[in-house]
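# Notes for the structure review
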Amino acid sequence: MKKTFVLDTSVILYDPQCIFRFDDNVVVVPITVLEEMDRFKKDLTEIGRNARQFARYLDQFRKRGSLTNGVELPKKGTLIVDLFQDSENFLPHHMDPEKNDHRILAVALKIRHDRPSTPVIFVTKDVNLRVKADALGINSVDFEPSRVTIEELYSGLFQFDVPGDVVENFNQLKRFPMKERGLHPNAFVVLRDQHKPDHTALGRYTASAGEIVPLKVPTDGVWGVQPRNAEQAFVLDALLDDNVQLVSLVGKAGTGKTLLALACGLQKTIDEGKYQKLLVSRPIFPLGKDIGYLPGEIEEKLNPWMQPIFDNIDYIVSFSQGEKPQKRPARRAWQELINQGMLHIEPLTYIRGRSLAYQYLIVDEAQNLTPHEIKTIITRAGEGTKVVLTGDCYQIDNPYIDSSNNGLTYVVERFKNESISAHVTLTKGERSQLAELATNLL
């Protein structure tokens, strides 16, 4: 049986292509939604771009027929713009019929009244609106075409208990056939002696050969940074492999995601010359109340946002030169790298339309990006470019996404079967004992 989906404004602003996600069913856009979108169409943000893109879609469908009568969608569904605004006759007396949210709900109530045999589903990303719809007896759902619960997110890590001689043979032969274990390309594996749990071997699965091979991690570390646990060793292996063009790192604060990515980026750019420059960026979302406009040119405006990157680079450079942490002098190593043209710090705001070739691109705090923004960034990668995405899916400052539908989790799930990508979920914090306790207890 065909269903009727009534869309809220929040759904369209989240994904302008949402009307194509409902197969052969009826998609209804209340006229109030279009009125609300007028407020956003001039914004220069991603929300504004989404509003404008949806308006273009409607303009294309308008040429095929009357939107009020319904036009056919690509998957044989029907798109209708509903002009109904007589809210008072369908809403309870205590609900203000002049509120846009209530007028949108009234459309769903009217359709349910006119077509009692057809399932009517109200789709919105507004939690309060879903609660109101439920109170009115309307079946309401969240819009989640790319939703992946964080508990079910692909970790990139597997552990197998094997006989002790298997571990020994792997360390000697540097390979172990494993074709029927359901492993994804570039999955990282721990082979553990079933009788001696401390006797283990670490490797990475190569799908083309159907075998596990040892990790390629420098014995002296990268720019003085040594892996402190197996997860960090997996990260270094993926970051240093030029054949892996996309690396996603998910983990809580203090697990070393950004530090390891920057260290490997400096190694590949400055020491090995595999890439022309190290390009680092992160979305601009404040923690708490914003402090307002910042003075200066674009570089000066970016400094407060990029300070975490600068802190890590200064730490890496000082550590690589053998300075003791307690006596490490204040320095601006990042400024020297910028002056030499080896390090570039840029906002994601201006990345659209660019083509980035032979660059080591690190996008920090990627959990604050929408799936569409992540797609925009990755599609900028030109020939010879490596993209590294890092983030903590439990620390999201973007009000329009959550831990399950952000761009980072979207990429992890979509790319887990691709041979040019690798993913690692880090769980063990190494920043400090205090940071680890705060992450786990607070």
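Conventions used here
- Residues numbered from 1 in each chain as written.
- Predicted model: local features only at pLDDT ≥ 70, side-chain atom pairs only at ≥ 80, totals over all residues.
- Heavy atoms only, no water.
- Helix = DSSP H or I, 4+ residues; strand = E, 2+ residues; numbered from the N terminus.
- Buried < 20%, exposed > 50% of the residue type's maximum accessible area, 1.4 Å probe, protein only.
- Contact = heavy atoms within 4.5 Å.
- Areas by Shrake-Rupley, 256 points an atom, 1.4 Å probe, with all protein chains shown as cover.
- 1 Å grid on protein atoms, 1.4 Å probe; cavity = no way out; pocket = protein on both sides within 12 Å on 5 of 7 lines; lining within 4 Å.
- Points joined across faces, edges and corners; volume = space filled by probe spheres on them.
- Nonpolar A, V, L, I, M, F, W, Y, C, P; charged D, E, K, R; others polar.
- Axes fitted to C-alpha atoms, helices over the stretch in contact; angles between N-to-C directions.
- Left-handed = near helix turned anticlockwise from the far one by under 90°.
- Salt bridge = Lys/Arg side-chain N within 4 Å of Asp/Glu carboxyl O.
- Phe/Tyr/Trp six-rings, centres within 6.5 Å; stacked < 30°, edge-to-face > 60°.
- Core = buried A, V, L, I, M, F, W, Y, C linked by side-chain atoms within 4.5 Å.
- Pairing = 2+ DSSP bridges.
- Right-handed = clockwise from strand over helix to strand, strands pointing away.
- Polar contact = N/O pair within 3.5 Å; in protein donor to acceptor, adjacent residues only side chain to side chain.
- pLDDT = per-residue confidence, 0-100.

### Some thoughts on the overall build of the chain
Of the regular secondary structure elements, the chain holds 13 helices and 17 strands. When each of the 442 residues of the chain is scored for burial, the buried share is 49%. Within the chain, counting contacts between residues at least 6 apart in sequence, those at least 24 apart form 69% of the total. Here the chain displays about 22,300 Å² of accessible surface, and carbon together with sulfur accounts for 49% of that area.

### Regarding empty space enclosed by the protein
Under the definition given, this model contains two cavities of 30 Å³ or more. Computed from the structure, the largest cavity encloses a volume of approximately 70 Å³. Breaking the lining of the largest cavity down by element, the ones donating at least two residues are strand 12 (246-251), helix 12 (407-415) and strand 17 (421-426). Its residues assigned to classes, the lining of the largest cavity shows seven nonpolar, three polar and one charged. Of the volumes computed, that of the second largest cavity is approximately 40 Å³. The wall of the second largest cavity is formed by Leu279, Ser281, Glu346, Pro347, Leu348, Ile351, Arg354 and Leu361. Per-class residue counts for the lining of the second largest cavity are five nonpolar, one polar and two charged.

### Describing the packing of helix 7 (residues 230-240) against helix 8 (residues 257-271)
Between helix 7 and helix 8, the least distance of the axes is 10 Å, while the angle of their chain directions is 35 degrees. In this structure, the crossing between helix 7 and helix 8 has a hand that is right-handed. Taking contact as the criterion, the partners of Gln232, Val235, Leu236, Leu239 and Leu240 in helix 7 are, on helix 8, Leu260, Ala261, Cys264, Gln267 and Lys268. A breakdown of the residues in the contact of helix 7 with helix 8 according to their chemical character gives seven nonpolar, two polar and one charged.

### Quick word on unusual backbone geometry
Backbone geometry places Asp23, a non-glycine residue, at a positive phi of 50 degrees. With respect to the secondary-structure elements, Asp23 resides in the loop between helix 1 (9-14) and strand 2 (26-30). According to the relative accessible area criterion, Asp23 is partly exposed, its value standing at 45%. For Tyr358, which is not a glycine, the phi torsion comes out positive at approximately 55 degrees.

### A closer look at the pattern of salt bridges
One pass over the structure, following the stated rule, counts 17 salt bridges. The partner of Asp15 in a salt bridge is Arg21, and the shortest N-O contact between them spans 3.0 Å. The exposure class of Asp15 is buried, given its relative accessible area of 12%. Given the relative accessible area of 40%, Arg21 is considered partly exposed. For Glu211, the salt bridge identified is with Arg175, shortest N-O distance 2.5 Å. With a gap of 36 residues between them, Glu211 in strand 11 (residues 211-214) and Arg175 in the loop between helix 6 (164-173) and strand 8 (176-177) connect regions that are remote in the sequence. Residue classification places Glu211 among the buried residues on the basis of a relative accessible area of 13%. Connected through shared salt-bridge partners, Lys125, Arg130 and Asp142 make up one network.

### Focus: the packing of aromatic side chains
Ring pairs (aromatic) are described by centroid distance and by the angle formed between their planes. Summed over the entire model, instances satisfying the criterion amount to nine aromatic pairs. Ring geometry for Tyr154 against Phe158: centres 6.4 Å apart, planes inclined by 50 degrees, an arrangement best described as tilted.

### Thoughts on the nonpolar core
Leu7, Ile19 and Leu79 are the most contacted members of the largest nonpolar core, which has 50 residues in total. Sorting elements by how many residues they give to this core places helix 4 (residues 100-114) first, with seven residues. Residues Ala233, Leu262, Tyr360 and Val388 belong to the second largest nonpolar core, which totals 42 residues.

### Looking at the pairing of strand 1 (residues 4-7)
Covered by surrounding structure in strand 1 are Thr4 and Val6 together with Phe5 and Leu7, the residues of both alternating faces. As judged from the three bridges shared by strand 1 and strand 2, these two strands associate in the parallel manner. For Val6, the partnering residue across the bridge sits in strand 2 and is Val28. Where the polypeptide runs from strand 1 across helix 1 and back to strand 2, its parallel neighbour, the crossover connection is right-handed. Strand direction decides the pairing type here: strand 1 and strand 5 (residues 120-123), joined by four bridges, are parallel. Across the sheet, Phe5 pairs through a bridge with Ile121, a residue of strand 5.

### A few points about the side chain of Thr255
Here Thr255 shows up in the loop between strand 12 and helix 8. Of the residues examined, Thr255 reaches a relative accessible area of 0% and is grouped as buried. Here Lys252 takes part through its backbone oxygen, which lies 2.9 Å from a polar atom of the side chain of Thr255.

### Some words on the environment of Ile111
Tracing the chain through its elements places Ile111 in helix 4. The sequence separation of Ile111 and Thr4 amounts to 107 residues, and the corresponding C-alpha distance is 8.5 Å. When residues no more than four places from it in sequence are discounted, the contact partners of Ile111 are Thr4, Val6, Val28, Asp82 and Val120.

### Digging into helix 5 (residues 127-135)
Of the residues that open helix 5, the one with a side-chain oxygen 3.0 Å from the backbone nitrogen of Asn128 is Asp126. Where helix 5 ends, the next residue or the one after it, Gly137, has phi of about 80 degrees, a positive value.

### A word on the confidence of the model for the chain
Averaged over every residue, the pLDDT of the chain is 83; the share at 70 or more is 88%. Element-level pLDDT for the chain is lowest in helix 9 (residues 298-320), with a mean of 71, against a maximum mean of 94 in strand 16 (residues 386-391). Contacts for the low-pLDDT stretch residues 286-291, under 50 throughout, to residues beyond four places or in other chains number three contacts.

### Here we look at the sheet that holds strand 4 (residues 78-82)
Across the sheet, six strands lie side by side as 3-4-2-1-5-6; this open sheet has mixed pairing. Looking at strand neighbours, the two that pair on one side only are strand 3 (71-72) and strand 6 (139-141), the edges of this open sheet.

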